[in-house]
Amino acid sequence: MIKCKGCGITLQDKDPSLLGYTPKITNTYCERCFKTIHYNTYIKVNNLNNKDIIKKINNLKYFTIFITDYLNLNNEVIKLYKMINNQKVLVINKCDLLPSNLNIQHLIENIKKVYNIEDVLFISAKNKLHLEYLKSYLNDNNIIFCGETSSGKSTLINELFQTKLTTSKYQNTTLDFIKIKKDNYIIYDSPGFNIKEVPLVYNNIKCITKKLNKEYVYTIGDIKINGEGNITIFVPSNIKINSKKENNNLIYNNELEYKDIILNEGFIYIKNKINIKSNKELIIRDSIID
Ligand SMILES: Nc1nc2c(ncn2[C@@H]2O[C@H](COP(=O)(O)OP(=O)(O)O)[C@@H](O)[C@H]2O)c(=O)[nH]1
Ligand SMILES: [Mg+2]
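Note that this is a predicted model, so its numbers are computed, not measured.

Caption draft 1: Spatial organisation of the packing of aromatic side chains. Under the criterion given, the structure shown has 10 aromatic pairs. Seen from their ring centres, phenylalanine 66 and tyrosine 81 are 5.4 Å apart, and the 85° between their planes marks the pair as edge-to-face. Remark: tyrosine 81 occurs in helix 3 (residues 75–82) and phenylalanine 66 occurs in strand 1 (residues 63–69); sequence separation between them is 15 residues. With a relative accessible area of 4%, tyrosine 81 lands in the buried category.

Right under this line is the structure:
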């Protein structure tokens, strides 16, 4: 069985409508990866389910590098991280996109506390930032990279081990576990966990402080809120924030201080105590900012 070097699927030259198809079985990449790499076209497929991915990771018992995106830090992702029984580290990727006023060391300490996690790192696979810290974790020769879809697993492996895994801005590029032997290492890339709230691949994180006016209802991503006081919003720059003078029929009341409200894409930081009304029950955590 020959596997595609881009996405891990078993290659076949029999049926173009099935995954793994390549016109020539001696090719290194399947047709889907070839099109992703050369024409930036995307063919959507159903990925492995999270339980099967976790099971395989735990069976392998390799040192596990869990890669996530800063805007995806939420209970769903942390729950997956905690289901991994191996020695592990939580690596928050794409730190090149963080607003420059944030103190990374401070964020790390807060994330450890809020989510009760021992090891947290911030890196940028794309811009090669802080990779030296991550390299100090590579003492074990058997390593598995995992994390939610599009968090940058394959980009990171390519950077660390000079491989040519397929990477793209689309979800579920990597279809199966890919075993790579390099120097003294055995490395696995894995298909991304499917999570409910995946931010689109974005180019920038917007960090805006807004003074809420009681007369207005604010729509931020997936929630509507109303209140009086300052909030700071962290979302991908393509997410629209609307405010409108409208009848306030928001039924949930929240008194918040030093908390983050988790959105589908990103979060809102509330420093000083304010009352916020919302259209649905908010998902709250102790703030990772201050
Ligand atoms: N800005 C930024 N983008 C990144 C970084 N790492 C990966 N990406 C981008 O995120 C997208 C998904 O990357 P990929 O490696 O395919 O993610 P995977 O699904 O986890 O393997 C691609 O468009 C990458 O270029 C990073 O450190 N910074
Ligand atoms: Mg991948």
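Caption draft 2: Just the nonpolar core, in detail. Within the largest apolar cluster, 40 residues are counted, with the highest numbers of intra-cluster contacts made by Phe66, Tyr70, Leu107, Ile111, Phe122, Phe234 and Ile289. For this core, the elements supplying multiple residues, two or more each, are helix 2 (50–60), helix 3, strand 2 (88–93), helix 4 (104–115), strand 3 (120–122), strand 4 (142–147) and strand 14 (267–270). For this core, the two domains that each supply at least three residues are domain 2 (46–189) and domain 3 (205–283). Ignoring anything within four residues of it in the chain, the contact list for isoleucine 289 reads Tyr70, Leu102, His106, Leu107, Asn110, Phe234, Asp260, Phe267 and Tyr269. If you look at the next biggest cluster of nonpolar residues, it comprises 21 residues, including Ile123, Leu134, Phe161 and Ile180.

Caption draft 3: Spatial organisation of the site of ligand 1. Near ligand 1, the surroundings consist of 16 residues, among which Asp96, Ala125, Gly152, Lys153 and Thr155 are the closest. Note that an oxygen atom of ligand 1 is positioned 2.8 Å from one of the backbone N or O atoms of glycine 152. Burial of ligand 1 by the protein amounts to 91% of the accessible area it has alone, namely 580 Å². The leading source of residues in the shell around ligand 1 is helix 6 (residues 153–161), at 3 residues. Residues belonging to the shell around ligand 1 are distributed by class as follows: 2 nonpolar, 9 polar and 5 charged.

Caption draft 4: Representation of the sheet that holds strand 12 (residues 252–256) in the model. Taken in spatial order, the 5 strands of this open sheet run 11-8-9-15-12, and their pairing is antiparallel. The sheet is open, and its two edges are formed by strand 11 (241–245) and strand 12, each paired on a single side. Ignoring strand direction, the axes of neighbouring strands in this sheet form an average angle of 30°. For strand 8 (residues 216–220) and strand 9 (residues 223–227), the ladder comprises 3 bridges, and the chain directions are antiparallel. Along strand 9, the bridge assignment pairs isoleucine 220 with isoleucine 223.

Caption draft 5: Examining the domain arrangement of the protein chain more closely. If you check the domain split of the protein chain, you get domain 1 (1–43), domain 2 (46–189) and domain 3 (205–283). Relative to domain 3, the C-alpha centre of domain 1 lies at a distance of 45 Å.

Caption draft 6: How the structure looks around the sheet that holds strand 13 (residues 259–262). The strand order 7-10-14-13-16 describes an open sheet built from 5 strands, whose pairing is antiparallel. The two strands at the open ends of the sheet, each matched to only one other strand, are strand 7 (205–212) and strand 16 (283–286). Strand after strand, the sheet turns through a mean of 25° between neighbouring axes, direction not considered. By the bridge criterion, 8 bridges tie strand 7 to strand 10 (residues 229–236) in an arrangement that is antiparallel. Within strand 10, the position partnered with lysine 206 by the bridge is valine 235.

Caption draft 7: Seen up close, the pairing of strand 2. Across the 6 residues that make up strand 2, a large majority, 5, are buried. In the sheet, strand 1 pairs with strand 2 via 6 bridges, with the strands oriented parallel. Each bridged residue has a counterpart across the sheet, and for threonine 64 the counterpart in strand 2 is lysine 88.

Caption draft 8: Representation of the pattern of salt bridges. Applying the stated criterion across every chain, the model contains 10 salt bridges. The closest approach of N and O atoms between glutamate 109 and lysine 112, which form a salt bridge, is 4.0 Å. Separated by 3 residues within a single helix, glutamate 109 and lysine 112 lie in helix 4, roughly one turn from each other. Judged by relative accessible area, lysine 112 falls into the partly exposed class, the value being 25%.

Caption draft 9: Main features of the environment of tyrosine 218. Residue position: tyrosine 218 is located in strand 8. Residue classification places tyrosine 218 among the buried residues on the basis of a relative accessible area of 5%. Separated by 60 residues in the primary sequence, tyrosine 218 and serine 278 have C-alpha atoms spaced 9.5 Å apart. At 2.8 Å, the side chain of tyrosine 218 and the backbone nitrogen of asparagine 213 are in polar contact.

Caption draft 10: Up close: the pairing of strand 9. Buried residues dominate strand 9, accounting for 4 of its 5 residues. Linking two consecutive strands that pair antiparallel, namely strand 8 and strand 9, is a turn of 2 residues; a positive phi of about 60° is found at glycine 221 within it. Two elements, strand 9 and strand 15 (residues 274–278), share 3 bridges in a ladder whose sense is antiparallel. Its bridge partner lying in strand 15, glycine 227 is registered against isoleucine 276.

About the thresholds
- Residues numbered from 1 in each chain as written.
- Chains lettered and ligands numbered in written order.
- Predicted model: local features only at pLDDT ≥ 70, side-chain atom pairs only at ≥ 80, totals over all residues.
- Heavy atoms only, no water.
- Phe/Tyr/Trp six-rings, centres within 6.5 Å; stacked < 30°, edge-to-face > 60°.
- Helix = DSSP H or I, 4+ residues; strand = E, 2+ residues; numbered from the N terminus.
- Buried < 20%, exposed > 50% of the residue type's maximum accessible area, 1.4 Å probe, protein only.
- Core = buried A, V, L, I, M, F, W, Y, C linked by side-chain atoms within 4.5 Å.
- Domains from an automatic or database assignment.
- Contact = heavy atoms within 4.5 Å.
- Near = heavy atom within 4 Å.
- Polar contact = N/O pair within 3.5 Å; in protein donor to acceptor, adjacent residues only side chain to side chain.
- Areas by Shrake-Rupley, 256 points an atom, 1.4 Å probe, with all protein chains shown as cover.
- Nonpolar A, V, L, I, M, F, W, Y, C, P; charged D, E, K, R; others polar.
- Pairing = 2+ DSSP bridges.
- Axes fitted to C-alpha atoms, helices over the stretch in contact; angles between N-to-C directions.
- Salt bridge = Lys/Arg side-chain N within 4 Å of Asp/Glu carboxyl O.

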